[in-house]
Amino acid sequence: MSQVADRVAAKLRESAAATAAQAPAARGAVNFQDSFRLALSQVSGAQNEVAALQREVQLGNPTVSLEQTMVAMQKAQIGFQAALTVRNKLVQAYSDVMNMQV
């Protein structure tokens, strides 16, 4: 891996460690808000990693392959689609609850 990719990976690990330290599982309680926030930060990290890999491929870095970049892009896209689906389900559930007759 290139130096940039190594730095990106190190930053992602640091971010994940900081997020895990703040995660509710460390306190013994897990709630949806914190779980969703953690998932969104992981999706964002994956997208940032893809951006760095794309930049390296465009600059012609021989240590970053196009295949590696394409796989990372697909992983980031799947993560984003999953987060979007969860968000849409949340909005629909909220709408259903708000439209209930009391």
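This text goes with the structure placed above it.
From a predicted model like this one, the values you see are computed outputs, not experimental measurements. (Residues numbered from 1 in each chain as written. Predicted model: local features only at pLDDT ≥ 70, side-chain atom pairs only at ≥ 80, totals over all residues. Heavy atoms only, no water.)

Peer 1: Tell me about the pattern of salt bridges, and name the residues and values.
Peer 2: Using the criterion set out here, one finds one salt bridge in the structure. Arg37 is the partner of Asp34 in a salt bridge, and the nearest nitrogen-oxygen pair spans 3.2 Å. Residue Asp34 and its partner Arg37 are both found in helix 2 (residues 32-58); the two are separated by three residues, about one turn of the helix. Since its relative accessible area comes to 17%, Asp34 is described here as buried. Look at Arg37 and you get partly exposed, because its relative accessible area is 48%. (Salt bridge = Lys/Arg side-chain N within 4 Å of Asp/Glu carboxyl O. Helix = DSSP H or I, 4+ residues; strand = E, 2+ residues; numbered from the N terminus. Buried < 20%, exposed > 50% of the residue type's maximum accessible area, 1.4 Å probe, protein only.)

Peer 1: I'd love a proper account of the packing of aromatic side chains, names of residues and values included.
Peer 2: One pass over the full model with this rule turns up one aromatic pair. Taken together, a centroid distance of 5.7 Å and an interplanar angle of 10 degrees make the contact between Phe32 and Phe36 stacked. Of this pair, Phe32 and Phe36 both sit in helix 2, four residues apart, which is roughly one turn of that helix. (Phe/Tyr/Trp six-rings, centres within 6.5 Å; stacked < 30°, edge-to-face > 60°.)

Peer 1: Pulling in residues and values, what's your account of a nonpolar patch on the surface?
Peer 2: Residues Tyr94, Val97, Met98 and Met100 make up a contiguous nonpolar surface patch of about 470 Å² in total accessible area. Along the chain, Val97 falls in helix 3 (residues 66-98). (Patch = residues over 30% accessible without salt bridge, like charges linked within 9 Å, V, L, I, M, F, W, Y side chains within 5 Å. Areas by Shrake-Rupley, 256 points an atom, 1.4 Å probe, with all protein chains shown as cover.)

Peer 1: How would you explain the packing of helix 2 against helix 3 if you had to name every residue and give the values?
Peer 2: Taken N-terminus to C-terminus, the directions of helix 2 and helix 3 make an angle of 155 degrees; their axes are 9 Å apart at the nearest point. Considered as vectors, helix 2 and helix 3 are oriented roughly antiparallel to each other. Between helix 2 and helix 3 lies a crossing whose hand is left-handed. Where helix 2 abuts helix 3, its residues Phe32, Phe36, Leu40, Val43, Ala46, Gln47, Val50, Leu53, Gln54 and Val57 lie against Leu66, Gln68, Thr69, Ala72, Met73, Ala76, Gly79, Phe80, Ala83, Val86, Arg87 and Leu90. Per-class residue counts for the contact of helix 2 with helix 3 are 16 nonpolar, five polar and one charged. (Axes fitted to C-alpha atoms, helices over the stretch in contact; angles between N-to-C directions. Parallel < 35°, antiparallel > 145°, perpendicular 65-115°, else oblique. Left-handed = near helix turned anticlockwise from the far one by under 90°. Contact = heavy atoms within 4.5 Å. Nonpolar A, V, L, I, M, F, W, Y, C, P; charged D, E, K, R; others polar.)

Peer 1: I'd love a proper account of the nonpolar core, names of residues and values included.
Peer 2: Membership of the largest hydrophobic core is limited to five residues, which are Val50, Leu53, Val64, Ala72 and Ala76. Elements that contribute at least two residues to this core include exactly helix 2 and helix 3. If near-sequence neighbours (up to four positions away) are discounted, Ala76 is found in contact with Ala46, Gln47 and Val50. (Core = buried A, V, L, I, M, F, W, Y, C linked by side-chain atoms within 4.5 Å.)

Peer 1: So what's going on with helix 2? Residues and values would help.
Peer 2: Since the α-helix advances by 3.6 residues per turn, residues separated by three or four positions end up pointing in the same direction. With 27 residues, helix 2 extends 39 Å between its outermost C-alpha atoms, agreeing within 8% with the 39 Å of an ideal straight helix rising 1.5 Å per residue. Residues Asp34, Phe36, Val43, Gly45, Val50, Ala52, Leu53 and Glu56 constitute the buried set of helix 2. N-cap assignment for helix 2: the residue whose side-chain oxygen lies 3.3 Å from the backbone N of Gln33 is Asn31. Just downstream of helix 2, Gly60 is the residue with a positive phi angle, here 80 degrees. (Expected span 1.5 Å × (residues − 1). Polar contact = N/O pair within 3.5 Å; in protein donor to acceptor, adjacent residues only side chain to side chain.)

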